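Per-entry structural report
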Amino acid sequence: MSLPFFNNGFFGLDTGLALTVLLGFGFGFFLERAGFGSAKKLAAQFYLYDMTVFKVMFTAITTAMVGIWGLAKIGWLNIDLIWINPTFLWPQIVGGVILGLGFIISGYCPGTSLVASVSGKIDGMLTVLGVIIGILLFGFVYTPELAAFHTSGSMGRLTIAQVFGFDPMILSLIIAAVAAVCFIFAEWVEKTVRKDTDLDAGVVKTRLGYVLVGVVVVSAALFIISPSGLAPVKAESITPEKFGSLELARHIVEGRNNIVIYDLRQGELEKSIPGAVQLEAEKVSDPTFWTESVPVHKKVVLVASSSQEKVPEIRVPDSYRVFMLEGGFENWENTILTEPEKIVTEEDKERQALYAYFTGAATKAAPKVAAPAFKPKAGGKKKKVSGGC
Amino acid sequence: MKTEDTHTPNKLWNPYVAGFGLGLVLLAAFVVMGQGLGASGGLARVVVQTLDFFAHDLIKDNGHFGKYVADGVQPLMNFMVFLGLGVLLGGFISALAGNRLKLQLERGPRASKKTRIIAAISGGILMGFAARLAYGCTSGQALTGGATLAAGSWAFMLAVFAGGYALAWFVRRLWI
């Protein structure tokens, strides 16, 4: 099973977009089925007399989470190809708090405001109007200072599994178990808060609930942003290690998709390394380029034209492994794209086979290469989708 | 023939069942398209496209929106937009089938219409701004990022609950 379907080239963009409408249909449908077209029901979560928001959200998250990491574990789903929201810790925390404020004031979140609107709720439509204004406001006050904050606390494609050092599937099951316990607690909270028909008494009970919830939420938040939990990382200038042409060639031939190759040579390239992506050299100095475009768990190989070429300062956030192709493309040409003079050593034989592979050329004296150390894989179209909001 | 009963809404689904259904849709999104759900992103693109129609120069030079129109890219040819379209359809059909389709200004028992209107718009403004800042809203960050265990998304999720609960007491007159 090669999931996800779209990224593995099972169908094209048009079909993909059509299927996406269906997915959206399911999304809107279930939101409305849960009663999320009603602001009163949504807001009730924050007064603890209706915990539907919590129940629906965490059931949904847990279901999908166990599904995703389970499928990944059995090798059906390629995690490298799915969109994992990059972490920009500070704007996400601040944005989250502000969204929470907006949520309790309007009674909706952006998604539910859409659902409310199509069920006839005028307050939902007004909320959508507000969201539009807010979006425009953000764009038009996007000063360099805001932009800098917007990209601060960048940690790339980090998961909480990596943060806590757990296997993602194990963590998913742990979270599912914790969620189950929380649901039992939620049922109790709901029942307890509703017991009093007297509104004021209900509010008194709710106050106690706030303290509890507040303590939990604040401790969790503190834990997450504390140095032992998640230390904010800064980008630093690095000197990349060397990566040999032979090794790179082997990676490509074996179909190992754990490296990303960036070709820093400018202009039209007559010849290039298969799978390499051309990149403006200055981008390597931009930490946000790394966090937005490069998965942190992949090795990166930068290709200059030769070892003489000056490459801009490479500034990456922590955890990235960046290499320079030793000798640049010049070396690749001489090692891989040039037929070896004599075939004597094992390395010569390997170079011969690689030469044939990468140039598609018939070789001089077709030597008997004893069972090659590598097995070329049939390449499928692997697309990395840029998702998120 | 229903008369005064026409707007008695049908019973809502059990939250765990609805949540499970939602979770399957979220999972399907990843399995089929390699990415999760979202709402604010699609809305933002529609906004950008609309504005671009009237003031292209303003949009293309904008530090935040410029990328949506750079190099002749069409903001609307994007998963988020088509998702949003589906959300509107799905929500509508569910409301229709559930007898919950009704033009109304829903508000808490102690809130006036004017208060509700101001609250809806201002709350929306905060959320629109926040969703851009946080790279998504509850759909794109909490639900989607939550399922993929994305660290920033989990932090966002906790922050949303924290913000909501922190302010709830002070705006209780809107709802209870």
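Each remark here, short or long, concerns the structure printed above.
Let me begin by describing the structure that accompanies this report. Counting starts from 1 at the beginning of each chain's written sequence and moves along it residue by residue. As they are written, the chains are lettered A onward and the ligands numbered 1 onward, keeping that order. For a predicted model such as this one, the threshold for reporting local features is a pLDDT of at least 70, and the threshold for listing and counting side-chain atom pairs is 80 or more; totals across whole chains, interfaces and linings nevertheless cover every residue. With hydrogens and water excluded, all non-hydrogen atoms of the structure serve as input to the side-chain values.

**Concerning the overall build of chain A**
A tally of helices and strands in chain A yields 14 helices and nine strands. Type-normalised accessible area, obtained with a 1.4 Å probe on protein chains alone, sets the label of each residue: buried when under 20%, exposed when over 50%, and partly exposed for intermediate values. In chain A, buried positions account for 53% of the 389 residues. Taking contacts inside chain A between residues at least 6 apart in sequence as the whole, the part at least 24 apart equals 65%. Reported accessibility uses the Shrake-Rupley method at a 1.4 Å probe radius. Residues are deemed covered only where the shown protein chains occlude them. About 17800 Å² of surface is accessible on chain A, with carbon and sulfur atoms providing 62% of the total. Working definition: helices are DSSP H or I runs of at least four residues, strands are E runs of at least two. Numbering for both runs from the N terminus. We call two residues contacting when some pair of their heavy atoms lies within 4.5 Å.

**Points about helix 4 (residues 89–106) of chain A**
Residues and elements named next belong to chain A. Across its 18 residues, helix 4 extends 25 Å between first and last C-alpha, which sits within 8% of the 26 Å expected from 1.5 Å per residue. Counting buried residues along helix 4, 14 of its 18 residues qualify, which places the element largely inside the surrounding structure. Of the residues one or two after helix 4, G107 is the one with positive phi, at around 90 degrees. In this analysis, the expected span of each helix is defined as 1.5 Å times one less than the number of residues it contains.

**Some points on the environment of L89 of chain A**
Relative to the helices and strands, L89 of chain A resides in helix 4. Residue L89 of chain A is classed as buried on the basis of its relative accessible area of 0%.

**Considering empty space enclosed by the protein**
Here a cavity means grid points, on a 1 Å grid over the protein atoms only, where a 1.4 Å probe fits yet cannot get out; a pocket means an open set of points with protein on both sides within 12 Å along at least five of seven lines; lining residues are those with an atom within 4 Å of a point. Grid points are joined across faces, edges and corners, and a volume is the space filled by probe spheres set on the points. On inspection of all chains with the given rule, the structure shows four cavities of 30 Å³ or more. L31, M57, C109 and T112 of chain A together with T138 of chain B are the residues nearest the centre of the largest cavity, which is lined by 13 residues in total. At the level of elements, helix 1 (13–33) and helix 3 (52–73) of chain A together with helix 7 (138–147) of chain B are the ones that each hand at least two residues to the lining of the largest cavity. All amino acids are sorted into three groups, where Ala, Val, Leu, Ile, Met, Phe, Trp, Tyr, Cys and Pro are nonpolar, Asp, Glu, Lys and Arg are charged, and the leftover types, Gly among them, are polar. Each residue belonging to the lining of the largest cavity can be placed in one class, and the counts come to ten nonpolar, three polar and no charged.

**Re the packing of aromatic side chains**
Between the rings of Phe, Tyr and Trp (Trp by its six-membered ring), a pair exists once the centres lie within 6.5 Å; its type follows the angle of the planes, with under 30 degrees stacked, over 60 edge-to-face, and the other angles tilted. For the structure on display, the rule yields 26 aromatic pairs over all chains. Between F5 of chain A and F10 of chain A, the ring centres sit 5.1 Å apart and the planes meet at 75 degrees, which makes this aromatic pair edge-to-face. The exposure class of F5 of chain A is partly exposed, given its relative accessible area of 22%. Clustering of aromatic rings is evident, with ring pairs tying together F54, F58 and F183 of chain A together with Y16 and W154 of chain B. Whether a charge sits over a ring depends on NZ of Lys or CZ of Arg being within 6 Å of the ring centre and within 35 degrees of the ring normal. Seen from the ring of Y68 of chain B, K67 of chain B lies directly overhead, with NZ or CZ sitting 5.3 Å from the centre.

**Brief notes about helix 1 (residues 15–33) of chain B**
Residue and element names in this part refer to chain B. The terminal C-alpha atoms of helix 1, which comprises 19 residues, lie 26 Å apart, in line with the 27 Å expected from a rise of 1.5 Å per residue. Taking burial as the measure, the 19 residues of helix 1 include 14 buried ones, the bulk of the element. Think of a polar contact as two N or O atoms within 3.5 Å of one another; within protein, one of them needs to be a possible hydrogen donor and the other a possible acceptor, and neighboring residues in sequence only count if both atoms come from side chains. Backbone nitrogen of Y16 and a side-chain oxygen of the N-cap are separated by 2.7 Å at the start of helix 1; the cap is N14. With its phi angle positive at about 75 degrees, G34 sits one or two positions after the end of helix 1.

**Here we look at the sheet that holds strand 4 (residues 241–243) of chain A**
All names here are of chain A. With respect to topology, five strands assemble into an open sheet ordered 4-9-7-5-6, the strand pairing being parallel. Each having just a single partner strand, strand 4 and strand 6 (277–278) make up the two edges of the open sheet. Direction of pairing for strand 7 (residues 299–303) relative to strand 9 (residues 321–325): parallel, over a ladder of four bridges. Bridge pairing links V301 to F323 in strand 9. When DSSP finds two or more bridges between two strands, those strands count as paired.

**Digging into the pattern of salt bridges**
Between Lys or Arg on one side and Asp or Glu on the other, a salt bridge is scored when a side-chain nitrogen of the former is within 4 Å of a carboxyl oxygen of the latter. The full count for this structure, using the stated rule, is 14 salt bridges over all chains. Between R116 of chain B and D123 of chain A there is a salt bridge, and its shortest N-O distance comes to 2.8 Å. Of the two residues, R116 of chain B is situated in helix 6 (residues 113–133) and D123 of chain A in helix 6 (residues 122–140); the pairing between them involves two chains. Comparing R116 of chain B with D123 of chain A, the two get one shared label, buried. D61 of chain B is the partner of K60 of chain B in a salt bridge, and the nearest nitrogen-oxygen pair spans 3.6 Å. For K60 of chain B, a relative accessible area of 41% translates into the label partly exposed. One network of salt bridges, in which partners are shared, links K55, E187 and E190 of chain A.

**Concerning the interface of chain A and chain B**
Listed per partner, the contact involves 134 residues of chain A and 122 residues of chain B. Carbon and sulfur atoms supply 78% of the area that chain A and chain B bury against each other, a total of about 11600 Å² over both sides. Across the chain A-chain B interface, the total number found is two salt bridges. R100 of chain B is the salt-bridge partner of E32 of chain A, the closest N and O atoms lying 2.8 Å from each other. Counting the contacts that link chain A with chain B gives 39 residue pairs in polar contact (both at pLDDT 80 or more). For the side of chain A that touches chain B, the residue count by class is 89 nonpolar, 36 polar and nine charged. Put simply, buried area is the surface a 1.4 Å probe can reach on two separate parts but cannot reach once they are joined, added for both.

**Comments concerning the packing of helix 4 of chain A against helix 6 of chain B**
Working convention: axes come from line fits to C-alpha atoms, limited for helices to the stretch in contact. Angles between N-to-C directions cover 0 to 180 degrees. Where helix 4 of chain A meets helix 6 of chain B, the axes come as close as 7 Å, and the angle between the chain directions of the two elements is 165 degrees. By the angle class used here, helix 4 of chain A and helix 6 of chain B are roughly antiparallel. With respect to the hand of their crossing, helix 4 of chain A and helix 6 of chain B are arranged in left-handed fashion. Contact residues: P91, V94, G95, I98, L99, L101, G102, F103, I105 and S106 of chain A in helix 4 of chain A; R116, A119, A120, S122, G123, G124, L126, M127, A130, A131 and L133 of chain B in helix 6 of chain B. Of the residues that constitute the contact of helix 4 of chain A with helix 6 of chain B, the class distribution is 14 nonpolar, six polar and one charged. If an angle is under 35 degrees, it is roughly parallel; if it is over 145, roughly antiparallel; if it lies from 65 to 115, roughly perpendicular; otherwise it is oblique. Crossings are sorted by hand: turned counterclockwise from the far helix by less than a right angle, the near helix makes the crossing left-handed, and turned clockwise it makes it right-handed.

**Some points on the pairing of strand 5 (residues 259–263) of chain A**
All names here are of chain A. Here strand 5 lies mainly inside the structure; five of its five residues are buried. Of the two faces of strand 5, the one holding I259, I261 and D263 and the one holding V260 and Y262 are both buried throughout. Taken together, the five bridges between strand 5 and strand 7 define a ladder with parallel strand orientation. Bridge pairing links I261 to V301 in strand 7. Here strand 5 runs beside strand 6; their pairing, made up of two bridges, is parallel. Looking across to strand 6, one finds that D263 is bridged to Q278.

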